[in-house]
Amino acid sequence: MEVYIIFEPSNLLLFIGASLVLILTPGPDMIYVITRAIGQGRMAGILSACGVCGGLIIHTLAAALGLALLLKSCSSAYFIIKYLGAAYLIYLGIKSLAGRQELKTVTNEQRQSYKNLFLQGFLTNVLNPKVALFFVSFLPQFVKGQSPLAAVQSVVLGLIYFLLCLGVLTAVAALAGKIGNLMSGKTSIGEKISWASGSVLIALGVNLALPDKN
């Protein structure tokens, strides 16, 4: 009976190290979480982080099933997802700018619901085809292509990446939330936070819509 080893310890440690470096490098997901945490507090940032990381699970399953390869080979599918994601981020940014006056007196009624925060983070990540392409190019470097457990390896690596990302983004959200709490109740700062939040989201959407660099 042949026994298959899912991962070599050295290879797994290499994956964890590379993943942490990539996660700690500021990118759209981290900026999005920081923006939400400063604007509405620690819990808002944590829920946004959970939503973003929930999107990683979808990308992991897509990579394991080969769906991400479709985005890589079919330009029309890639661009449809790309521009949907860009439009969604710009929409969130405009919505934040439109409601900037409400941040002058932040009340529980004016805060977004936990459900909406989670879903927005989730959609922001899922509607970014670059994340899908990242998974389909990054994960295979640590998977034995000829192994009958290749799909299982991809899923396990994706879940490890998910846990690492969740830990880092949750810590970042908690720190940003403290900064937001120090600023809460100050009218001018509250309005600036709302303006900055909307501007950042619009900038992320525009950046996603720009032609990819070769």
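Residues numbered from 1 in each chain as written. Predicted model: local features only at pLDDT ≥ 70, side-chain atom pairs only at ≥ 80, totals over all residues. Heavy atoms only, no water.

Remarks on the packing of aromatic side chains
Right, on to step 1. Applying the stated criterion across every chain yields a total of 1 aromatic pair.
Right, on to step 2. Arranged with centres 6.5 Å apart and planes meeting at 10°, the rings of F118 and F122 form a pair that is stacked. Remark: F122 and F118 occur in helix α6 (residues 114-126); sequence separation between them is 4 residues, near one turn of the helix.
Right, on to step 3. In this structure F118 comes out as partly exposed when scored by relative accessible area, which is 31%. (Phe/Tyr/Trp six-rings, centres within 6.5 Å; stacked < 30°, edge-to-face > 60°. Helix = DSSP H or I, 4+ residues; strand = E, 2+ residues; numbered from the N terminus. Buried < 20%, exposed > 50% of the residue type's maximum accessible area, 1.4 Å probe, protein only.)

Quick word on the packing of helix α3 (residues 42-65) against α6
Right, on to step 1. Where α3 meets α6, the closest approach of the two axes is 7 Å, and the angle between their N-to-C directions is 40°. Put simply, α3 runs oblique to α6. Seen from above, α3 lies across α6 with right-handed handedness. Counting all contacts with α3, which are made through M43, A44, L47, S48, C50, G51, V52, G54, G55, L56, I58 and H59, the residues of α6 involved are Y114, L117, F118, G121, F122, N125 and V126. (Axes fitted to C-alpha atoms, helices over the stretch in contact; angles between N-to-C directions. Parallel < 35°, antiparallel > 145°, perpendicular 65-115°, else oblique. Left-handed = near helix turned anticlockwise from the far one by under 90°. Contact = heavy atoms within 4.5 Å.)

Notes on the nonpolar core
Right, on to step 1. One finds F15, L56, F135, Y161 and L169 to be the most contacted residues of the largest nonpolar core, which totals 33 residues.
Right, on to step 2. Counting only elements with at least two residues in this core, the list comes to α1 (9-24), α2 (28-40), α3, α5 (75-98), α7 (129-138), α8 (150-183) and α9 (187-209).
Right, on to step 3. Top contributing element to this core by residue count: α8, with 10 residues.
Right, on to step 4. Excluding its chain neighbours within four sequence positions, the residues that come into contact with F15 are F138, L139, F142, L157, I160 and Y161. (Core = buried A, V, L, I, M, F, W, Y, C linked by side-chain atoms within 4.5 Å.)

Overview of the layout of surface pockets
Right, on to step 1. In this structure, the largest pocket occupies an estimated 580 Å³ of space.
Right, on to step 2. In this structure, the largest pocket is lined by 23 residues; those nearest its centre are G27, P28, D29, N128 and V131.
Right, on to step 3. Of all elements in the fold, only α1, α2, α6, α7, α8 and α9 reach the threshold of two or more residues within the lining of the largest pocket.
Right, on to step 4. At 4 residues, α7 tops the list of elements feeding residues into the lining of the largest pocket. (1 Å grid on protein atoms, 1.4 Å probe; cavity = no way out; pocket = protein on both sides within 12 Å on 5 of 7 lines; lining within 4 Å. Points joined across faces, edges and corners; volume = space filled by probe spheres on them.)

Some remarks on α2
Residues spaced three or four apart along an α-helix face the same direction, because each turn holds 3.6 residues.
Right, on to step 1. Helix length check: α2 (13 residues) gives 18 Å between terminal C-alpha atoms against 18 Å at 1.5 Å per residue, within 8%.
Right, on to step 2. Turning to α2, its buried residues number three or more, namely D29, M30, Y32, V33, T35, R36, A37 and Q40.
Right, on to step 3. At the C-terminal side of α2, G41 shows a positive phi close to 110°. (Expected span 1.5 Å × (residues − 1).)

Some words on the packing of α2 against α3
Right, on to step 1. Orientation of α2 relative to α3, taken along the N-to-C sense of each, is 155°, at an axis distance of 6 Å. When the axis of α2 is compared with that of α3, the two are roughly antiparallel. Considering the relative orientation of α2 and α3, their crossing is right-handed. Counted together, D29, Y32, V33, R36, A37 and Q40 of α2 and R42, A44, G45, S48, A49 and V52 of α3 form the full contact between these two elements.
Right, on to step 2. Here the residues of the contact of α2 with α3 are counted per class, giving 6 nonpolar, 3 polar and 3 charged. (Nonpolar A, V, L, I, M, F, W, Y, C, P; charged D, E, K, R; others polar.)

Re the confidence of the model for the protein
Right, on to step 1. For the protein, per-residue confidence averages 75 on the pLDDT scale, and 70% of positions sit at 70 or higher.
Right, on to step 2. Residue range residues 101-110 is modelled with pLDDT below 50. Its contacts to residues more than four positions away, or to other chains, number 9 contacts. (pLDDT = per-residue confidence, 0-100.)

So, the environment of A37
Right, on to step 1. Inspection of the secondary structure puts A37 in helix α2.
Right, on to step 2. Of the residues examined, A37 reaches a relative accessible area of 0% and is grouped as buried.
Right, on to step 3. Separated by 139 residues in the primary sequence, A37 and A176 have C-alpha atoms spaced 5.5 Å apart.
Right, on to step 4. If we ignore the near neighbours within four places in the chain, the residues touching A37 are R42, G45, A173, A176 and G177.

Thoughts on the environment of T170
Right, on to step 1. If you trace the backbone, T170 turns up in helix α8.
Right, on to step 2. Taking relative accessible area as the criterion, T170 reaches 24% and is therefore assigned partly exposed.
Right, on to step 3. A sequence separation of 120 residues divides T170 from C50, and the C-alpha atoms of the two residues are 7.8 Å apart.

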